[in-house]
Amino acid sequence: MRNFPPPHPDELLYSAIARAGMYLGITSPKQLLDELFNNRKVIATLDLPSHISHIADQLRNTKQYSVDCLINRHTLFPLYAPFVQQEIRDKAIELMKGKAGGAVHMMLGVSASRIKAIHHFQACTQCIEAQIERYGEAFWKRDWFIPNLPFCMEHGSLFIYKEKPTDSRHHFLPLIESNLSLEKVSSITSQDSNILSAAQQLLQRPPLPSISFDQWSHFYRELAHDFGYTRGEHIKHAEIQELFLQHWGKAYLQSKQLLCRENEENSWLKSIFRKHRKSFSFFEHLLVWQTFLPQEKLEDIFQYINKIQPISVVKIKSSENDLDTSKQAEYRNLWQELVRKYGIQSSRSQKNGGAIYIWLYRHDNPWLIQFNSKHQMVHPTPPPRVNWHQRDLKYVRKLIYINQKSKDNLHTPRQSTNWYLMQLPEHATISHNLYRLPMVSKFLIRYAENVTEYQLRRICSAVEILFTNHQELHLWRIFRLAGLSKERLTSEAAKILKLSGFFYTDDSKN
């Protein structure tokens, strides 16, 4: 594609691609994908798009937009990158450069997070006026799509529209207000304003370093200690939660899906002050920092955490000669009795069982590991909950019925594998378990419609309509009714039409 428009400051890549299609007058979403990516399966993604190397290649003559520049300045990647491990961050960048297949959202924790990504369009009308005055056009600004914060820092509330990007997975929709219908207006609070200001610092700053799990664990333990929320090695989680509720309020936390129950053992707030074994979202980190460190700049916090060098605990193996042999024998006998009576896992929860286990773990570790390995409980493999053969028969019968019912209907959508599966109940389960359903798989291979077959069926439908209405079968009329053109027609379909000799004649002169 020539003359791809450079993205405006803080514009989403999604928006720049939509503007490119509008400039070139391309109304077909698939044709735009062909022009830009040479791939019709690219999904129009607002926050974390893929195939970014193709966009960088379109802008190579400007010498301003490298792949890293586009990722850091025109996507929401900077919101998630500092809070994941460095190897995950690097892998996510590589996937965003090329084909990601939805893996980036899973890798960065967006899919499983309590803080869900924005799945609808929203905009600030005052910002749109300023954009038109300055640039002569409006565009989707990435500040408007920060998860859980549907607000504009300068003007407050955003207008939320009914249209969703997911309504057409491949369609990049430009910001033209006349094409959008208003759904509601968000309302901003002072609490939202503080979090939004911090989130914008994440977007506007140069790429921040990734922090290791050990550094996060050390930082939050030190934070609790500095504010008096520890007792020895124990963290006073109940008091931290009470402070949290006083600072943010129950209603606000509930509106953000982050309210912790009083006796919830594994709440996100407790987990963030424990040893980190997974990443937390930017919003959860910012809530804690705004509670304890409201005056600190994010850049200073990251620099401090990055300098932390956690002390690695090295377990020193004790020599058997250094141990009290009578005490060693006593603890071994007690542990053996507990294991024979309750099993390894339950023994630690018995009276004095935990203390015995810890003593042996610290002072007699090789014997403990060897003994426990010989007394592991072998759990029998549970019987399968689903009779896949019976389910295979059931669904293949339904598919045959659907095929018989729709084979003479020339007006159905393309009868692809996905179309057939969507006609079935529990279609997601079936699609993920096709390897267990051999008859269903064979049916789909045999009867799923490819693009050529679909185009020919549309042409037949158009011919039927023209013939019924007693109109001449001109090629341009047929293509117009079928929604096709000679350029979009597959080579196989074109060959079949030529061989048929029925109406494939060049009547463009008429």
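Throughout, residues of each chain are indexed from 1 in the direction in which the sequence is written. With pLDDT at 70 or above as the cut-off, local features in this predicted model cover only qualifying residues; side-chain atom pairs require 80 or more to be listed or tallied, and sums for whole chains, interfaces and linings still use all residues. Based on all heavy atoms of the structure, the side-chain values leave hydrogens and waters out of the count.

Student: Is there a simple way to think about the overall build of the chain in this case?
Tutor: A count of helices and strands for the chain gives 26 helices and 7 strands. Our radius of gyration looks at C-alpha atoms and nothing else; its globule reference is 2.2 Å times the residue count to the power 0.38. Here the C-alpha radius of gyration of the chain, 31 Å, is well above what a compact globule of 510 residues would show, namely 24 Å. Structurally, the chain occupies a C-alpha span of about 105 × 65 × 45 Å along its principal axes. Taking all 510 residues of the chain together, 45% fall into the buried category. Contacts in the chain between residues far apart in sequence, at least 24 positions, make up 69% of those at least 6 positions apart. Note on areas: Shrake-Rupley, 1.4 Å probe, and residue coverage restricted to the protein chains presented here. Of the accessible surface of the chain, which amounts to about 29,700 Å², a share of 50% is contributed by carbon and sulfur atoms. His is not counted, nor are the chain ends, whereas Lys and Arg count as positive and Asp and Glu as negative. Here the site of a charge means atom NZ of a Lys, CZ of an Arg, CG of an Asp or CD of a Glu. For the chain, the centre of its 65 positive side-chain charges and the centre of its 50 negative side-chain charges are spaced 7 Å apart. For helices the rule is a DSSP run of H or I covering at least 4 residues; for strands it is a run of E covering at least 2, with both sets numbered from the N terminus onward. Using a 1.4 Å probe on the protein chains alone, a residue whose accessible area is under 20% of its type maximum counts as buried, one over 50% counts as exposed, and one in between counts as partly exposed. Contact definition: two residues touch when any of their heavy atoms are within 4.5 Å.

Student: When you look at unusual backbone geometry in this model, what are you seeing that I'm missing?
Tutor: The general pattern is negative phi for most residues beyond glycine and trans for most peptide bonds. Within the chain, His51 stands out as a residue other than glycine whose phi angle is a positive 60°. Among the structural elements, His51 can be located in the loop between α2 (29–37) and α3 (52–58). Residue classification places His51 among the buried positions, given a relative accessible area of 9%.

Student: What is the right way to look at the environment of Ile402 in this model?
Tutor: By secondary structure assignment, the location of Ile402 is in helix α20 (residues 388–406). Separated by 18 residues in the primary sequence, Ile402 and Tyr420 place their C-alpha atoms 8.0 Å from one another. Setting aside anything within four residues of it in sequence, one finds Ile402 in contact with Trp419, Tyr420, Gln423 and Leu424.

Student: I keep staring at the packing of aromatic side chains and nothing clicks. Help me out?
Tutor: For any pair of aromatic rings, the description consists of the separation of the ring centres together with the inter-plane angle of the planes. In this analysis, rings of Phe, Tyr and Trp, with Trp reduced to its six-membered ring, are considered paired at centre separations within 6.5 Å, and the interplanar angle assigns stacked below 30 degrees, edge-to-face beyond 60, and tilted for intermediate values. Counted according to the given criterion, the structure contains 30 aromatic pairs. Note on Tyr135 and Phe139: the rings are 5.7 Å apart at their centroids and 65° apart in plane angle, and the pair reads as edge-to-face. Between Tyr229 and Phe292, the ring centres sit 6.1 Å apart and the planes meet at 85°, which makes this aromatic pair edge-to-face. Taken together, the positions of Tyr229 in the loop between α10 (213–226) and β6 (230–231) and Phe292 in helix α14 (residues 282–292) put the pair 63 residues apart, joining distant regions of the chain. The exposure classification of Tyr229 matches that of Phe292, with both residues buried. Here the aromatic residues Phe83, Trp216, Phe219, Tyr220, Phe227, Tyr229, Phe273, Trp289, Phe292, Phe302 and Tyr304 are joined through ring pairs into a cluster of three or more.

Student: Whenever I open this one, the pattern of salt bridges confuses me. Can you help?
Tutor: If charged atoms from side chains of opposite charge come close, those side chains can pair. By convention in these notes, a salt bridge is any Lys or Arg side-chain nitrogen within 4 Å of a carboxyl oxygen on Asp or Glu. Throughout the structure, instances matching the rule amount to 14 salt bridges. With a closest N to O distance of 2.7 Å, Asp34 and Arg40 form a salt bridge. Assessed through its relative accessible area of 30%, Asp34 is described here as partly exposed. Residue Arg40 is classed as partly exposed on the basis of its relative accessible area of 33%. A salt bridge links Arg457 to Glu449; the nearest nitrogen and oxygen atoms lie 2.8 Å apart. Given a relative accessible area of 9%, Arg457 falls into the buried group.

Student: Help me understand the packing of helix α11 (residues 237–248) against α14, please; the structure alone is not making it clear to me.
Tutor: The description of two packed helices rests on the angle between their axes and on the distance between the axes. The angle between two axes is taken between their N-to-C directions and runs from 0 to 180 degrees, where each axis is a line fitted to C-alpha atoms and a helix contributes only its stretch in contact. Running from N to C, α11 and α14 cross one another at 85°; their axes reach a closest spacing of 10 Å. One way to sum up the angle between α11 and α14 is to call them roughly perpendicular. Of α14, the residues touching α11 (which contributes Ile240, Leu243, Phe244, His247 and Trp248) are Leu287, Val288, Gln290, Thr291 and Phe292. Charged residues are taken to be Asp, Glu, Lys and Arg, nonpolar residues to be Ala, Val, Leu, Ile, Met, Phe, Trp, Tyr, Cys and Pro, and polar residues to be all remaining types, Gly included. The residue makeup of the contact of α11 with α14, split by class, is 7 nonpolar, 3 polar and no charged. We call two directions roughly parallel when the angle between them is under 35 degrees, roughly antiparallel when it is over 145, roughly perpendicular when it lies between 65 and 115, and oblique otherwise.

Student: So what exactly am I meant to see when it comes to the environment of Asn433 here?
Tutor: With respect to the secondary-structure elements, Asn433 resides in the loop between α22 (427–432) and α23 (438–447). Separated by 15 residues in sequence, Asn433 and Asn418 have C-alpha atoms that sit 14 Å apart. Contacts described as polar in this section are N or O atom pairs within 3.5 Å, which, within protein, must combine one atom able to donate a hydrogen with one able to accept it, while residues neighboring in sequence count only if both atoms come from side chains. At 2.7 Å, the side chain of Asn433 and the backbone oxygen of Thr429 are in polar contact.

Student: What's the story with the sheet that holds strand β5 (residues 182–185) in this structure? I'm lost.
Tutor: The antiparallel open sheet is built from 3 strands, whose spatial order is β1-β4-β5. Because the sheet does not close on itself, it has two edges, and the strands there are β1 (122–123) and β5. Pairs of strands are assigned from DSSP output, requiring at least two bridges between the strands. For β1 and strand β4 (residues 159–161), the ladder comprises 2 bridges, and the chain directions are antiparallel. Within β4, the residue paired with Ala123 across the bridge is Phe159.

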